[in-house]
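Next come the chains, spelled out residue by residue.
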Amino acid sequence: MPGPRNAKLADQIQTIIAQTLDRKVKDPRKGFITITEVRLSGDNREATVFYTVLGDDTARAGSAAALESAKGMLRTAVGQQLAMRHTPTLAFVLDGSEDEARHIEDLLARAQASDAAAAAAREGKSFAGEADPYKKPEE
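All values reported here derive from a predicted model rather than from experimental measurement.

Draft legend 1. Summary view of the pattern of salt bridges. Under the counting rule described, the total for this entry stands at four salt bridges. The salt bridge involving R39 is made with E37; its shortest N-O contact spans 3.0 Å. Where R60 meets D57, a salt bridge forms, and the shortest distance between an N and an O atom there is 3.8 Å. Of this pair, R60 and D57 both sit in helix 2 (residues 57-69), three residues apart, roughly one helical turn. According to the relative accessible area criterion, R60 is buried, its value standing at 18%. The class of D57 is exposed, set by a relative accessible area of 58%.

See below:
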């Protein structure tokens with residue numbers, strides 16, 4: 001669990017990277033990138049930046065290449081604005097939560113369709129045996 005200082009630094013790094021990408025990175029491969037989360041190591045030397053890209057696989061690949069080529073400029077911007085003794089190294093990771101959410105939605109839709117098919121098959125049927133399945137003592 002990161003401490004409050006690390007969480008605050010991660011939020012600041014996320015804001016700085018997002019603003020720098022929006023204003024200063026002019027790479028045409030960039031695409032529509034959203035910085036979703038930044039995680040810092042315990043000693044604040046390494047920052048893992050999670051991002052999503054709007055588009056298909058070619059847009060994702062182009063955006064990944066643009067981020068790798070702008071990594072030095074983004075690290076410089078983080079170092080200048082935070083004035084830390086050691087600026088963390090940046091590692092960019094494509095956030096898979098969007099794909100996971102889509103997969104879960106597909107599974108839920110499939111389960112709902114299966115439930116609807118079972119309900120349709122059950123329609124008009126009755127239970128086997130008598131209405132009261134319990135044995136009653138003879139009187």
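Draft legend 2. Local environment of helix 4 (residues 97-122). A rise of 1.5 Å per residue sets the reference length of helix 4, with its 26 residues, at 38 Å; its end C-alpha atoms lie 37 Å apart and thus fit the reference within 8%. G124 sits one or two positions beyond helix 4 and adopts a positive phi of about 85°.

Draft legend 3. Representation of the sheet that holds strand 3 (residues 89-94) within the structure. The strand order across the open sheet built from three strands is 1-2-3, with neighbouring strands paired in mixed fashion. In the strand order of this sheet, the two ends are held by strand 1 (32-40) and strand 3, each with one partner. Averaged over all pairs of adjacent strands, the angle between strand axes in this sheet comes to 30°, irrespective of strand direction. Of the strand pairs in this sheet, strand 2 (residues 46-54) and strand 3 are connected by six bridges, and their pairing is parallel. Paired with Y51 across the two strands is L94, which belongs to strand 3. Seen against the sheet, helix 1 (residues 4-23) touches strand 1, strand 2 and strand 3 and runs at an angle of roughly 155° to strand 1.

Criteria and thresholds
- Residues numbered from 1 in each chain as written.
- Predicted model: local features only at pLDDT ≥ 70, side-chain atom pairs only at ≥ 80, totals over all residues.
- Heavy atoms only, no water.
- Salt bridge = Lys/Arg side-chain N within 4 Å of Asp/Glu carboxyl O.
- Helix = DSSP H or I, 4+ residues; strand = E, 2+ residues; numbered from the N terminus.
- Buried < 20%, exposed > 50% of the residue type's maximum accessible area, 1.4 Å probe, protein only.
- Expected span 1.5 Å × (residues − 1).
- Pairing = 2+ DSSP bridges.
- Axes fitted to C-alpha atoms, helices over the stretch in contact; angles between N-to-C directions.
- Contact = heavy atoms within 4.5 Å.

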